[in-house]
Each structure stands twice: as C-alpha cells, then as structure tokens.
Amino acid sequence: MGRLVLTVALSTLASLTLGGDRPNILFIMADDHAAHAISAYGSHVNQTPNIDHLAREGMLLESVFVTNSICTPSRATILTGQYSHLNGVPVFNRFDSSRMTVAKLLQQAGYYTGMIGKWHLGSDPAGFDRWEILPGQGAYTDPVFYTATGERRYTGRYVTDVITDLAIDFLKTRPKDKPFFVMVHHKAPHRPWEPDAAHRAQFANRWIPEPETFWDSYATRTDALHENQQRVADDLTRRDLKLEPPPDLPDAERASWLAEKPTTVTRAPDGQTPTLTGEALARWKYQRYMQDYLATIQCVDDGVGRLLAYLDSGGLAKDTIVIYTSDQGFFLGDHGLFDKRFMYEESLRMPFLVRWPGVIKPGTRSDAMALNVDFAPTFLDAAGLAVPADMQGRSLVPVVRGRTPADWRTSMYYRYYHDPGDHNTRAHYGVRTRTHKLIYFWKKDQWELFDLVNDPSELHNLYGQPGQVELTKMLKAELRRLKQAVRDDDQFADEQPPNGVDGPVAKLRGK
Ligand code: CA
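Let me begin by describing the structure that accompanies this report.

**With respect to the overall build of the protein chain**
Looking only at helices and strands, the protein chain has 16 helices and 19 strands in total. Taking 511 residues into account, the globule formula puts the C-alpha radius of gyration at 24 Å, and the protein chain, at 23 Å, falls close to it. Projected onto its principal axes, the C-alpha positions of the protein chain cover 90 × 60 × 45 Å. A separation threshold of at least 6 residues defines the contact pool for the protein chain, and within that pool the share at least 24 residues apart is 68%. About 20,500 Å² of surface is accessible on the protein chain, with carbon and sulfur atoms providing 51% of the total. In the protein chain, which carries 59 positive and 63 negative side-chain charges, the distance between the mean positions of the two groups comes to 5 Å.

Listed below in structure tokens is the structure:
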C-alpha cells in the first residue's frame, strides 16, 4: 500500500516537473507564403485543404503583422520577441546566438526542442536539442542539411518533403517524458519557386487570375514604388521564369544568361508562337511566376497534412498546439509586384492559424492586432512560463481563448531597413492603426497616408491632400509614441546593408 502511494506521488511529481499537462508546440512556418494564397483566408488563386484544417479545428487570426517584412529579421524577431533594432538583426546580418531566445527558455524549462529546415540566421542554432538546417537559403532539390555533428545531402529528394520527413522523425524519436517545441521551417515558397515534378505538372497549364491592382500606375504614391525593382513586368529573371538557356551556351555564360531580366520572350522554339513584349509579356510572366509559386505551396500543404496525420496516429493531437504561419507576407502581382519589404498590406500581413484542442474553440476567428514579436511570449505563456521583461510582444493566449484583453493594441510600429538591397526598396517606417496607415520613407523625406477602410488596396495616397491635416497630425503623434515605446532610437537608420548572411554554419566550416 505504502509503495503504491509512493509510486503515485512520484508520477505526479514527474508530470509537474517534466511536462505532464504542458502542451507540445509544433510551429510550422513557410517562407514568403502570403495569407492570400491560403484558401481559409479567401484565396482567389489556390486551395490549401490541409492548412485550412487548422482554421476549422482552431482559430484563424486575421490581423497578424510583421514588424520588418524580410526573412532574416522576421526570424530573429520570432526567436527573441524583440524588434529588429533591439535583437541586432535589421537586415541580413548574422544573429548573435548567445542572445536569449524562446527556444533556450523552453529548453531550460524542460522542453525537448527542435529546429528543422530553413534557419537563415548565419550562426549555429542555440537552445535546440536537435537541429537540422539548410545552409543559407538552401536548395529545392538534392538539399544539404547541417546538424550539430555533420552534414547530409538528400540526393534525389525535394526539400519540402525532406523537411516534413525530418519533422516526423523528430516526433517519433523524441524523449516521451518531455513536452516538445519544434520549429519546422519550410524553404518554400521562396524564390526561385522551384516545384517538384508532380506539383509543377498540376499547375503547368493553370490560369491564375490577376489581382485587381496588377496594373497599378503608382499615381499619387511617393518615389519608392516607382524606383523599386520587384516588379513582375520588369524584374523577374530568366531563372525565375524557368527559361532554358541556348544549348550551345558555354557554362561560364550560363549564370549571367539566367540572371538577365528579359524584355522579350519567344515562347516556342519552333517560331510558331509570337514573341511576347509589353503587356502580353508581363501577363505571361505573372502566370509563370504564380504557377510555380503556388505549386511549391501545394507541396507545403501536403506536408502539413502529413504532420497532422502523424499527430493523430501517434495520439499527440490533443496535447499539441499546432501553428501555421509565414515569416512575412508576399506580393502576388499586387501593385504589379512580387517579393515583400514594403509596409503595404499584402507584404505586412502574416498568415496565422492555430489549433489547440480543449483551449481554442474550433472554427473561430479573431481580428485582434497581433505581431511577430508576440510569438515568443505566446509560446512561453502556453508553457506556463513567465515572459521576460525584455521581450516586446504580448502573449496571444488570451486572444486565442477568445478573451482579448480590453487594453489590447490598436496600432503597430513597422520599420524596414534594407535599402537599396536586392530590390532597390526604399527604407521606411510607419504606423498602422485599425483604419489608417502612415508611412515615412526617411531617406527620401516622403510620406504616404492611406485610408484602409475606404481604400483597402492602398491606391490613393492622401498625404498632403486637403482635409487630412488633423488625421495626419494624429497619426504622426501615434508614430512618435510607438517609436519611443519600442525604444527605436534610429540606431540602424544609416546602416549599409550586407547582401546576405553567410549561409553555412560557421562551426562546421571551421571559421
Ligand atoms: Ca521570407
């Protein structure tokens, strides 16, 4: 009898100290997956049945925004819960992995932690019991993965499938006496949008509707849109468009041929098809871009389905929070653009779907304004841990429970630094409220003001227009207030951005 009591007491102790009722966290993040390419968000261009599953069984957040719309900075923000100016990653610079991160805190609290897929922070992952990462951007086919002990090439395999396999292996082999936290970071649908053969075939002849703002003339907008080089019509390369180099081209010239931005394209080598130029060419480029972009997403969606099925078959689903998101939004021909960077809605908005059985009411939505600085505090709160004071976000746990606090934020601060960068996109900062957006391109001293209720596509810059004086004054005051509140002292305002973090992990290369 005494022995039985002791056994029960020990098992209770074990469940309290080792996890027990603490939820597992499966965080799936794609790279450059815009919310408007998810059917649960009302996509006009594709269907994502497996990602949608999370919306049906959990909550879809409608207003999640990135604080700096570019890959590496968003990843640093998600790990640290801090804006770029505090976590030291405003552009593509190396993350100092001695900094505190949510992974370290969860690991210290007894979580088994994992990082699978695209890392892109230039330093070794820290705070993870198991990590298998792509060097830099990684490759779509025959991908190499680095681990703490070596590297492995997956010859003949497609990156999205390998990441899903590794994530499932993480779940299978994890220690069963601990809760887990695993970040599954897909490379897809990042440029150059190279689908696997099956999904390429699925989209090869599909016609994708053009967005309403595809032919945006940028009238009323500042120099920034006119000067940017992320336009579908002008800035997609032959590599992006999957054009084949002439067969007799020497290898040395192949790379520069592929990097060219074509102004004419002859669609068929037999000469039967007319050479495309101007508007017809822009439309054709849009189709090529979107067919490939969406085909890579379809494989990610399949991978989400496989992970959810594994959680079901392994009896893990009820104890596991599953999140699907992307490191930022993306332009799908909106304003004639591809890529991200700008504070405009398509690039600013992150998809965020979360399932948490027994806590989140299935099929719910929230329009509470959430930010990527909130993710780390959310994971900690869900795990029953305190949120450190130097994290700038706020836990979304009350939001997803359907009890958004009365004092929840109604405005957000944004800042983008990578100017000129790869796309000649002008540095800017700004404020978005629930109804308006004010953007300041500080190197140009130019402003844009949008009424998001009456002009949700942000086509009409109201800055300096009659009748906007009071509104502009109010928004400038709010921008100043937020900038101070997040402690942005312009430290990186004049930063000359490097063009990329070092891809391979330093430790492995002996540097
Ligand atoms: Ca990205």
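**Some remarks on the coordination of the calcium ion**
Within the first shell, the calcium ion binds the protein through Asp31 (OD), Asp32 (OD), Cys71 (SG), Asp327 (OD), Asp327 (OD) and Gln328 (OE1), at distances of 2.2 to 2.7 Å. With six donor atoms in place around the calcium ion and angles of 52 to 164° between them, the coordination shape is irregular. In primary-sequence terms, the residues that donate to the calcium ion follow D-D-x38-C-x255-D-Q. Each member of the pair, aspartate 31 as well as aspartate 32, is classed as buried.

**Side note on the sheet that holds strand S12 (residues 349-350)**
In spatial order, the strands read S12-S3-S15; together these three strands make up an open sheet with mixed pairing. The two strands at the open ends of the sheet, each matched to only one other strand, are S12 and strand S15 (370-371). Both strand S3 (residues 64-65) and S15 contribute to a ladder of two bridges, which runs parallel. Of the residues in S15, the one forming a bridge with phenylalanine 65 is leucine 371.

**Comments concerning the environment of methionine 350**
Along the chain, methionine 350 turns up in strand S12. Classification of methionine 350 as buried rests on a relative accessible area of 0%. Residues methionine 350 and histidine 36, spaced 314 residues apart in sequence, show a C-alpha to C-alpha distance of 9.5 Å. Excluding its chain neighbours within four sequence positions, the residues that come into contact with methionine 350 are Tyr41, Val64, Phe65, Val66, Ser74, Ile78, Thr325, Ser326, Asp327, Gln328, Asn372 and Phe375.

**A word on the nonpolar core**
Inside soluble globular proteins, nonpolar side chains tend to come together where they are buried. Leu61, Phe181, Tyr324 and Leu353 are the most contacted members of the largest nonpolar core, which totals 130 residues. Counting residues per element, this core draws most heavily on helix H6 (residues 159-173), at eight residues. Excluding its chain neighbours within four sequence positions, the residues that come into contact with tyrosine 324 are Ile28, Ala30, His33, Ile38, Ile51, Leu54, Val300, Val304, Pro351, Phe352 and Leu353. Residues Leu241, Met290, Tyr293 and Leu332 belong to the second largest nonpolar core, which totals 28 residues.

**Details of the sheet that holds strand S17 (residues 428-433)**
Taken together, four strands build an open sheet; the order of strands is S16-S17-S18-S19 and the sheet is antiparallel. Only two strands of the sheet have a single partner each, and these edge strands are strand S16 (411-416) and strand S19 (446-451). Strand-to-strand twist across the sheet, computed as the mean angle between neighbouring axes with direction ignored, equals 10°. With four bridges joining them, S17 and strand S18 (residues 436-441) adopt antiparallel strand pairing. Bridging across to S18, arginine 432 finds its partner in lysine 437.

**Some remarks on the packing of aromatic side chains**
Under the defined criterion, the tally for this structure stands at 27 aromatic pairs. Between the aromatic rings of phenylalanine 145 and tyrosine 154, the centroid separation amounts to 5.5 Å while the plane-to-plane angle is 85°, which identifies the pairing as edge-to-face. Comparing phenylalanine 145 with tyrosine 154 shows no difference in burial state: the two are buried. Look at tyrosine 293 and phenylalanine 330: their rings are 5.6 Å apart centre to centre, the planes differ by 5°, and that puts the pair in the stacked class. Within this pair, whereas tyrosine 293 is found in helix H11 (residues 278-313), its partner phenylalanine 330 is found in the loop between strand S11 (320-326) and helix H12 (345-348), the two being separated by 37 residues in sequence. The two residues tyrosine 293 and phenylalanine 330 agree in class, both being buried. Here the basic side chain of lysine 187 rests over the ring of tyrosine 140, its NZ or CZ set 4.7 Å away from the ring centre.

Calculation notes
- Residues numbered from 1 in each chain as written.
- Predicted model: local features only at pLDDT ≥ 70, side-chain atom pairs only at ≥ 80, totals over all residues.
- Heavy atoms only, no water.
- Helix = DSSP H or I, 4+ residues; strand = E, 2+ residues; numbered from the N terminus.
- Rg over C-alpha atoms; globule rule 2.2 N^0.38 Å.
- Contact = heavy atoms within 4.5 Å.
- Areas by Shrake-Rupley, 256 points an atom, 1.4 Å probe, with all protein chains shown as cover.
- Lys, Arg positive; Asp, Glu negative; His and termini not counted.
- Charge placed at Lys NZ, Arg CZ, Asp CG, Glu CD.
- Donors = N, O, S within 2.8 Å, 3.2 Å for Na, K, Ca; no water.
- Tetrahedral: all angles 85-135°; square planar, octahedral: opposite > 155°, others 65-115°.
- Buried < 20%, exposed > 50% of the residue type's maximum accessible area, 1.4 Å probe, protein only.
- Pairing = 2+ DSSP bridges.
- Core = buried A, V, L, I, M, F, W, Y, C linked by side-chain atoms within 4.5 Å.
- Axes fitted to C-alpha atoms, helices over the stretch in contact; angles between N-to-C directions.
- Phe/Tyr/Trp six-rings, centres within 6.5 Å; stacked < 30°, edge-to-face > 60°.
- Lys NZ or Arg CZ within 6 Å of the ring centre and 35° of its normal.

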